[in-house]
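Residue-level structure breakdown
Here is how the chains run, residue by residue.
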Amino acid sequence: MSIMTHTDLRTIEHPGRITRWRRSAIPVLPGLAVTAAAVAAAILIGRFVPTVSVLLIAIVLGVLLRNVAPPPAIFEPGLTFAAKKLLRLGVVLLGLQLVLGDIFGLGAGMVLVVIAIVTIGILSTLLIGKWMGIGFTQRLLIACGFSICGAAAVAAVDGVIDTEDEEEVVTAIALVVIFGTLLIPIIPVMATLLGLSNHQSGLWAGGSIHEVAQVVAAGGAIGGAALGLAVIVKLARVLMLAPVMAVISMQRRSQLRRMGDTAVSANIKRPPIIPLFVAGFIVMVAIRSTGAIPAPVLDVAKVAQTALLGAAMFALGTGVRFSAFKQVGIKPFALAVCSTLTVGLTALGGVLFFG
(Lines give C-alpha, C1' and ligand atoms only; values in the text may rest on other atoms or scores of the structure.)
Protein backbone atom coordinates (compact mmCIF):
# COMPACT_ATOMS: atom_id res chain seq x y z
CA MET A 1 0.00 0.00 0.00
CA SER A 2 1.45 3.36 -1.01
CA ILE A 3 1.62 6.28 1.36
CA MET A 4 0.22 9.56 0.07
CA THR A 5 2.32 12.56 1.01
CA HIS A 6 1.16 16.05 1.89
CA THR A 7 2.50 17.24 -1.48
CA ASP A 8 0.46 14.57 -3.27
CA LEU A 9 -2.68 15.73 -1.47
CA ARG A 10 -2.05 19.34 -2.45
CA THR A 11 -1.54 18.24 -6.06
CA ILE A 12 -4.85 16.35 -6.05
CA GLU A 13 -6.72 19.16 -4.31
CA HIS A 14 -5.28 21.94 -6.48
CA PRO A 15 -4.08 20.35 -9.75
CA GLY A 16 -4.75 23.53 -11.73
CA ARG A 17 -2.66 25.63 -9.35
CA ILE A 18 0.35 23.29 -9.66
CA THR A 19 0.04 23.19 -13.45
CA ARG A 20 -0.15 26.99 -13.69
CA TRP A 21 2.94 27.32 -11.46
CA ARG A 22 4.91 24.95 -13.67
CA ARG A 23 3.82 26.76 -16.81
CA SER A 24 4.91 30.11 -15.38
CA ALA A 25 8.18 28.83 -13.86
CA ILE A 26 9.62 26.75 -16.69
CA PRO A 27 9.90 29.54 -19.32
CA VAL A 28 12.08 31.71 -17.05
CA LEU A 29 14.60 28.98 -16.24
CA PRO A 30 16.90 29.31 -19.30
CA GLY A 31 17.21 33.08 -18.88
CA LEU A 32 17.77 32.78 -15.14
CA ALA A 33 20.48 30.16 -15.70
CA VAL A 34 22.38 32.50 -18.02
CA THR A 35 21.86 35.34 -15.57
CA ALA A 36 23.19 33.27 -12.66
CA ALA A 37 26.30 32.38 -14.65
CA ALA A 38 26.87 36.04 -15.54
CA VAL A 39 26.50 37.16 -11.92
CA ALA A 40 28.96 34.52 -10.77
CA ALA A 41 31.42 35.74 -13.40
CA ALA A 42 30.88 39.38 -12.37
CA ILE A 43 31.51 38.57 -8.70
CA LEU A 44 34.66 36.61 -9.62
CA ILE A 45 35.97 39.46 -11.78
CA GLY A 46 35.13 41.88 -8.99
CA ARG A 47 37.44 39.99 -6.62
CA PHE A 48 40.36 40.67 -8.93
CA VAL A 49 39.31 44.29 -9.58
CA PRO A 50 37.83 45.38 -6.21
CA THR A 51 37.64 49.06 -7.21
CA VAL A 52 35.07 48.23 -9.92
CA SER A 53 31.46 47.66 -8.88
CA VAL A 54 30.01 44.19 -9.47
CA LEU A 55 26.91 45.93 -10.85
CA LEU A 56 29.01 47.68 -13.49
CA ILE A 57 30.70 44.42 -14.47
CA ALA A 58 27.31 42.68 -14.71
CA ILE A 59 25.78 45.31 -16.96
CA VAL A 60 28.87 45.33 -19.21
CA LEU A 61 28.59 41.55 -19.56
CA GLY A 62 24.92 41.94 -20.51
CA VAL A 63 25.67 44.57 -23.15
CA LEU A 64 28.49 42.45 -24.59
CA LEU A 65 26.26 39.37 -24.76
CA ARG A 66 23.52 41.27 -26.60
CA ASN A 67 25.90 42.80 -29.14
CA VAL A 68 28.38 39.96 -29.65
CA ALA A 69 26.19 36.86 -29.38
CA PRO A 70 22.51 37.88 -29.06
CA PRO A 71 20.67 35.38 -26.84
CA PRO A 72 17.85 33.34 -28.46
CA ALA A 73 14.24 34.21 -27.69
CA ILE A 74 14.01 31.33 -25.20
CA PHE A 75 16.10 33.39 -22.75
CA GLU A 76 13.90 36.49 -22.84
CA PRO A 77 11.31 35.50 -20.17
CA GLY A 78 14.04 34.81 -17.62
CA LEU A 79 15.89 38.02 -18.45
CA THR A 80 12.69 40.03 -18.06
CA PHE A 81 12.04 38.32 -14.72
CA ALA A 82 15.53 39.24 -13.51
CA ALA A 83 15.24 42.85 -14.66
CA LYS A 84 11.96 43.37 -12.82
CA LYS A 85 11.37 40.89 -10.00
CA LEU A 86 14.92 40.19 -8.85
CA LEU A 87 15.66 43.90 -8.96
CA ARG A 88 12.92 44.61 -6.44
CA LEU A 89 14.14 41.88 -4.11
CA GLY A 90 17.61 43.41 -4.29
CA VAL A 91 16.27 46.83 -3.33
CA VAL A 92 14.44 45.27 -0.37
CA LEU A 93 17.67 43.69 0.91
CA LEU A 94 19.45 47.01 0.43
CA GLY A 95 17.52 48.19 3.48
CA LEU A 96 19.54 45.83 5.67
CA GLN A 97 22.61 48.00 5.09
CA LEU A 98 21.06 50.96 6.94
CA VAL A 99 21.02 51.64 10.67
CA LEU A 100 18.88 54.64 11.64
CA GLY A 101 20.95 55.29 14.77
CA ASP A 102 24.11 55.83 12.68
CA ILE A 103 22.29 58.25 10.39
CA PHE A 104 20.74 60.27 13.22
CA GLY A 105 24.17 60.31 14.84
CA LEU A 106 25.30 62.65 12.07
CA GLY A 107 23.28 65.39 13.75
CA ALA A 108 20.21 67.34 12.64
CA GLY A 109 22.31 69.67 10.48
CA MET A 110 23.80 66.92 8.32
CA VAL A 111 20.46 65.12 8.07
CA LEU A 112 19.01 68.35 6.63
CA VAL A 113 21.99 68.55 4.27
CA VAL A 114 21.25 65.04 2.98
CA ILE A 115 17.61 65.98 2.38
CA ALA A 116 18.76 69.12 0.56
CA ILE A 117 21.23 67.15 -1.60
CA VAL A 118 18.53 64.75 -2.78
CA THR A 119 15.79 67.36 -3.19
CA ILE A 120 17.88 70.00 -4.95
CA GLY A 121 19.67 67.38 -7.01
CA ILE A 122 16.45 65.85 -8.35
CA LEU A 123 14.55 69.10 -8.97
CA SER A 124 17.47 70.90 -10.60
CA THR A 125 18.28 67.93 -12.84
CA LEU A 126 14.65 67.71 -13.95
CA LEU A 127 14.56 71.45 -14.69
CA ILE A 128 17.90 71.62 -16.51
CA GLY A 129 17.00 68.51 -18.50
CA LYS A 130 13.73 70.12 -19.52
CA TRP A 131 15.61 73.18 -20.77
CA MET A 132 17.84 70.83 -22.78
CA GLY A 133 14.83 69.16 -24.37
CA ILE A 134 15.43 65.74 -22.77
CA GLY A 135 12.39 63.51 -22.24
CA PHE A 136 10.89 63.33 -18.76
CA THR A 137 11.65 59.65 -18.15
CA GLN A 138 15.33 60.03 -19.03
CA ARG A 139 15.56 63.15 -16.85
CA LEU A 140 13.93 61.39 -13.91
CA LEU A 141 16.18 58.34 -14.15
CA ILE A 142 19.33 60.47 -14.23
CA ALA A 143 18.07 62.76 -11.47
CA CYS A 144 17.38 59.94 -9.02
CA GLY A 145 20.49 57.96 -9.90
CA PHE A 146 22.80 60.93 -9.36
CA SER A 147 20.99 62.30 -6.29
CA ILE A 148 20.17 59.16 -4.30
CA CYS A 149 22.13 55.95 -4.75
CA GLY A 150 23.23 55.32 -8.30
CA ALA A 151 22.18 52.25 -10.26
CA ALA A 152 19.84 50.96 -7.54
CA ALA A 153 17.88 54.23 -7.61
CA VAL A 154 17.68 54.20 -11.42
CA ALA A 155 16.36 50.65 -11.36
CA ALA A 156 13.93 51.46 -8.54
CA VAL A 157 12.44 54.32 -10.57
CA ASP A 158 12.09 51.93 -13.49
CA GLY A 159 10.28 49.54 -11.15
CA VAL A 160 7.73 52.24 -10.27
CA ILE A 161 7.07 53.87 -13.65
CA ASP A 162 7.80 50.77 -15.79
CA THR A 163 9.96 52.58 -18.36
CA GLU A 164 9.01 51.71 -21.93
CA ASP A 165 12.51 52.22 -23.35
CA GLU A 166 15.01 50.11 -21.39
CA GLU A 167 17.85 51.85 -23.21
CA GLU A 168 17.03 54.98 -21.20
CA VAL A 169 17.54 52.95 -18.04
CA VAL A 170 20.90 51.61 -19.16
CA THR A 171 22.00 55.07 -20.34
CA ALA A 172 21.27 56.50 -16.88
CA ILE A 173 23.14 53.65 -15.19
CA ALA A 174 26.11 54.05 -17.52
CA LEU A 175 26.28 57.77 -16.74
CA VAL A 176 26.13 57.06 -12.99
CA VAL A 177 29.04 54.65 -13.32
CA ILE A 178 31.15 56.97 -15.48
CA PHE A 179 30.72 60.13 -13.43
CA GLY A 180 30.77 58.41 -10.05
CA THR A 181 34.03 56.70 -10.95
CA LEU A 182 35.56 60.00 -12.03
CA LEU A 183 34.69 61.45 -8.62
CA ILE A 184 36.69 58.78 -6.75
CA PRO A 185 40.04 60.59 -7.31
CA ILE A 186 38.56 64.06 -7.82
CA ILE A 187 36.88 64.46 -4.41
CA PRO A 188 39.99 63.59 -2.31
CA VAL A 189 42.17 65.89 -4.44
CA MET A 190 39.68 68.76 -4.33
CA ALA A 191 39.19 68.29 -0.58
CA THR A 192 42.94 68.71 -0.08
CA LEU A 193 43.09 71.78 -2.32
CA LEU A 194 40.17 73.36 -0.44
CA GLY A 195 41.84 72.67 2.90
CA LEU A 196 39.01 70.50 4.24
CA SER A 197 39.60 68.45 7.36
CA ASN A 198 39.52 64.66 7.26
CA HIS A 199 36.07 64.80 8.87
CA GLN A 200 34.70 67.27 6.31
CA SER A 201 36.26 65.37 3.41
CA GLY A 202 34.48 62.16 4.44
CA LEU A 203 31.14 63.95 4.73
CA TRP A 204 31.61 65.54 1.31
CA ALA A 205 32.51 62.24 -0.34
CA GLY A 206 29.38 60.58 1.05
CA GLY A 207 27.22 63.50 0.03
CA SER A 208 28.46 63.89 -3.53
CA ILE A 209 29.47 60.51 -4.99
CA HIS A 210 26.81 58.37 -6.65
CA GLU A 211 27.39 54.67 -5.83
CA VAL A 212 28.06 53.16 -2.40
CA ALA A 213 31.06 51.24 -3.77
CA GLN A 214 32.47 54.45 -5.23
CA VAL A 215 32.04 56.21 -1.88
CA VAL A 216 33.96 53.41 -0.15
CA ALA A 217 36.81 53.78 -2.65
CA ALA A 218 36.98 57.57 -2.19
CA GLY A 219 36.66 57.36 1.60
CA GLY A 220 39.46 54.83 1.72
CA ALA A 221 41.64 57.12 -0.38
CA ILE A 222 41.06 60.00 2.05
CA GLY A 223 41.93 57.75 4.99
CA GLY A 224 41.34 57.89 8.72
CA ALA A 225 37.77 58.31 9.95
CA ALA A 226 36.66 59.64 6.56
CA LEU A 227 35.61 56.22 5.29
CA GLY A 228 33.09 55.59 8.07
CA LEU A 229 31.60 59.07 7.82
CA ALA A 230 31.39 58.87 4.02
CA VAL A 231 29.51 55.57 4.14
CA ILE A 232 27.03 56.79 6.79
CA VAL A 233 26.22 59.94 4.79
CA LYS A 234 25.82 57.84 1.64
CA LEU A 235 23.47 55.44 3.41
CA ALA A 236 21.45 58.43 4.61
CA ARG A 237 20.99 59.32 0.95
CA VAL A 238 19.98 55.71 0.26
CA LEU A 239 17.28 56.06 2.92
CA MET A 240 15.74 58.85 0.83
CA LEU A 241 14.90 56.19 -1.75
CA ALA A 242 11.66 55.33 0.08
CA PRO A 243 10.02 58.79 0.22
CA VAL A 244 11.17 59.69 -3.29
CA MET A 245 9.72 56.48 -4.76
CA ALA A 246 6.45 57.15 -2.91
CA VAL A 247 6.24 60.66 -4.40
CA ILE A 248 6.99 59.34 -7.91
CA SER A 249 4.35 56.65 -7.48
CA MET A 250 1.70 59.18 -6.41
CA GLN A 251 2.54 61.44 -9.35
CA ARG A 252 2.30 58.47 -11.71
CA ARG A 253 -1.12 57.59 -10.29
CA SER A 254 -2.27 61.18 -10.74
CA GLN A 255 -1.03 61.19 -14.33
CA LEU A 256 -2.89 57.98 -15.16
CA ARG A 257 -6.02 59.31 -13.46
CA ARG A 258 -5.95 62.35 -15.76
CA MET A 259 -5.49 60.05 -18.76
CA GLY A 260 -8.72 58.27 -17.77
CA ASP A 261 -10.06 55.96 -20.47
CA THR A 262 -6.86 56.29 -22.48
CA ALA A 263 -4.87 54.60 -19.72
CA VAL A 264 -7.53 51.90 -19.34
CA SER A 265 -7.59 51.13 -23.07
CA ALA A 266 -3.79 50.96 -23.08
CA ASN A 267 -3.95 48.53 -20.14
CA ILE A 268 -1.66 50.71 -18.01
CA LYS A 269 -1.91 49.81 -14.34
CA ARG A 270 -1.65 52.44 -11.63
CA PRO A 271 1.23 51.76 -9.22
CA PRO A 272 0.39 51.55 -5.50
CA ILE A 273 1.01 54.67 -3.41
CA ILE A 274 3.89 52.85 -1.73
CA PRO A 275 5.19 50.07 -4.00
CA LEU A 276 5.56 46.73 -2.25
CA PHE A 277 9.32 46.60 -2.74
CA VAL A 278 9.66 50.07 -1.18
CA ALA A 279 7.59 48.93 1.81
CA GLY A 280 9.88 45.92 2.09
CA PHE A 281 12.90 48.22 1.99
CA ILE A 282 11.46 50.25 4.91
CA VAL A 283 10.75 47.08 6.89
CA MET A 284 14.34 45.88 6.39
CA VAL A 285 15.69 49.24 7.59
CA ALA A 286 13.52 48.97 10.71
CA ILE A 287 14.63 45.40 11.39
CA ARG A 288 18.31 46.21 10.92
CA SER A 289 18.00 49.22 13.22
CA THR A 290 16.86 46.99 16.10
CA GLY A 291 20.30 45.34 16.12
CA ALA A 292 18.65 41.92 16.32
CA ILE A 293 20.18 40.50 13.14
CA PRO A 294 23.46 38.58 13.67
CA ALA A 295 26.51 39.68 11.68
CA PRO A 296 26.74 36.39 9.70
CA VAL A 297 23.15 36.86 8.50
CA LEU A 298 23.93 40.42 7.43
CA ASP A 299 26.96 39.18 5.50
CA VAL A 300 24.84 36.63 3.65
CA ALA A 301 22.16 39.26 2.97
CA LYS A 302 24.77 41.61 1.52
CA VAL A 303 26.01 38.92 -0.86
CA ALA A 304 22.41 38.13 -1.84
CA GLN A 305 21.68 41.83 -2.41
CA THR A 306 24.73 42.17 -4.67
CA ALA A 307 23.76 39.03 -6.59
CA LEU A 308 20.14 40.13 -7.08
CA LEU A 309 21.03 43.66 -8.20
CA GLY A 310 23.81 42.24 -10.36
CA ALA A 311 21.29 39.90 -12.02
CA ALA A 312 19.00 42.85 -12.73
CA MET A 313 21.87 44.90 -14.17
CA PHE A 314 22.94 42.01 -16.42
CA ALA A 315 19.38 41.54 -17.66
CA LEU A 316 19.03 45.26 -18.36
CA GLY A 317 22.33 45.19 -20.22
CA THR A 318 21.07 42.47 -22.56
CA GLY A 319 18.41 44.90 -23.74
CA VAL A 320 20.94 47.40 -25.08
CA ARG A 321 22.33 47.55 -28.58
CA PHE A 322 25.45 49.59 -29.38
CA SER A 323 23.65 51.12 -32.33
CA ALA A 324 21.12 52.67 -29.95
CA PHE A 325 23.79 54.82 -28.26
CA LYS A 326 24.21 56.75 -31.51
CA GLN A 327 20.70 58.07 -30.93
CA VAL A 328 21.38 59.12 -27.34
CA GLY A 329 23.40 62.18 -28.33
CA ILE A 330 25.37 64.53 -26.12
CA LYS A 331 22.47 65.94 -24.10
CA PRO A 332 22.28 63.19 -21.42
CA PHE A 333 26.04 63.53 -20.87
CA ALA A 334 25.69 67.29 -20.48
CA LEU A 335 22.84 66.78 -18.02
CA ALA A 336 25.00 64.31 -16.09
CA VAL A 337 27.71 66.97 -15.76
CA CYS A 338 25.19 69.51 -14.47
CA SER A 339 23.66 67.02 -12.03
CA THR A 340 27.07 65.98 -10.69
CA LEU A 341 28.07 69.61 -10.14
CA THR A 342 24.76 70.46 -8.46
CA VAL A 343 24.89 67.51 -6.07
CA GLY A 344 28.58 68.04 -5.33
CA LEU A 345 28.29 71.78 -4.68
CA THR A 346 25.16 71.34 -2.54
CA ALA A 347 26.98 68.73 -0.48
CA LEU A 348 30.07 70.94 -0.15
CA GLY A 349 28.04 73.93 0.98
CA GLY A 350 26.21 71.85 3.56
CA VAL A 351 29.42 70.32 4.89
CA LEU A 352 31.11 73.72 5.22
CA PHE A 353 28.10 75.04 7.12
CA PHE A 354 27.18 72.04 9.30
CA GLY A 355 30.24 69.77 9.13
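As shown above, the structure is provided for reference.
Residues numbered from 1 in each chain as written. Predicted model: local features only at pLDDT ≥ 70, side-chain atom pairs only at ≥ 80, totals over all residues. Heavy atoms only, no water.

Let us now look at the overall build of the protein. Regarding its fold elements, the protein presents 19 helices and zero strands. In the protein, buried positions account for 48% of the 355 residues. Accessible surface computed for the protein: about 17100 Å², of which carbon and sulfur atoms make up 70%. (Helix = DSSP H or I, 4+ residues; strand = E, 2+ residues; numbered from the N terminus. Buried < 20%, exposed > 50% of the residue type's maximum accessible area, 1.4 Å probe, protein only. Areas by Shrake-Rupley, 256 points an atom, 1.4 Å probe, with all protein chains shown as cover.)

This part is about empty space enclosed by the protein. A complete count under the given rule lists one cavity of 30 Å³ or more for this structure. Looking at the largest cavity, its volume works out to about 30 Å³. Along the walls of the largest cavity sit S53, L55, L56, A151, I173, V177 and E211, which together make up its complete lining. Among the secondary structure elements, those contributing two or more residues to the lining of the largest cavity are helix 4 (54-68) and helix 10 (166-193). (1 Å grid on protein atoms, 1.4 Å probe; cavity = no way out; pocket = protein on both sides within 12 Å on 5 of 7 lines; lining within 4 Å. Points joined across faces, edges and corners; volume = space filled by probe spheres on them.)

A surface patch of nonpolar side chains, about 840 Å² in accessible area, is lined by I178, L182, I186, V189, M190, L193, L194, I330 and F333. No other element matches helix 10, which puts six residues into the nonpolar patch. Inspection of the secondary structure assignment puts I186 in helix 10. (Patch = residues over 30% accessible without salt bridge, like charges linked within 9 Å, V, L, I, M, F, W, Y side chains within 5 Å. Salt bridge = Lys/Arg side-chain N within 4 Å of Asp/Glu carboxyl O.)

The next thing to look at is the nonpolar core. Residues C144, M245 and M313 are the most contacted members of the largest nonpolar core, which totals 103 residues. A per-element tally of this core places helix 10 first, with eleven residues. (Core = buried A, V, L, I, M, F, W, Y, C linked by side-chain atoms within 4.5 Å.)

Per the counting criterion, the structure on display carries two aromatic pairs. Note on F146 and F179: the rings are 6.1 Å apart at their centroids and 55 degrees apart in plane angle, and the pair reads as tilted. Of this pair, F146 sits in helix 8 (residues 136-149) while F179 sits in helix 10, and the two are 33 residues apart along the sequence. Across the pair, F179 and F146 agree in class, each one buried. Ring centres 4.8 Å apart and planes at 75 degrees place the aromatic pair F353 and F354 in the edge-to-face group. (Phe/Tyr/Trp six-rings, centres within 6.5 Å; stacked < 30°, edge-to-face > 60°.)

Its location among the elements puts V28 in the loop between helix 2 (15-25) and helix 3 (29-48). Residue V28 is classed as buried on the basis of its relative accessible area, which comes to 13%. Separated by 47 residues in the primary sequence, V28 and F75 have C-alpha atoms spaced 7.2 Å apart. Excluding its chain neighbours within four sequence positions, the residues that come into contact with V28 are P77, G78 and F81. (Contact = heavy atoms within 4.5 Å.)

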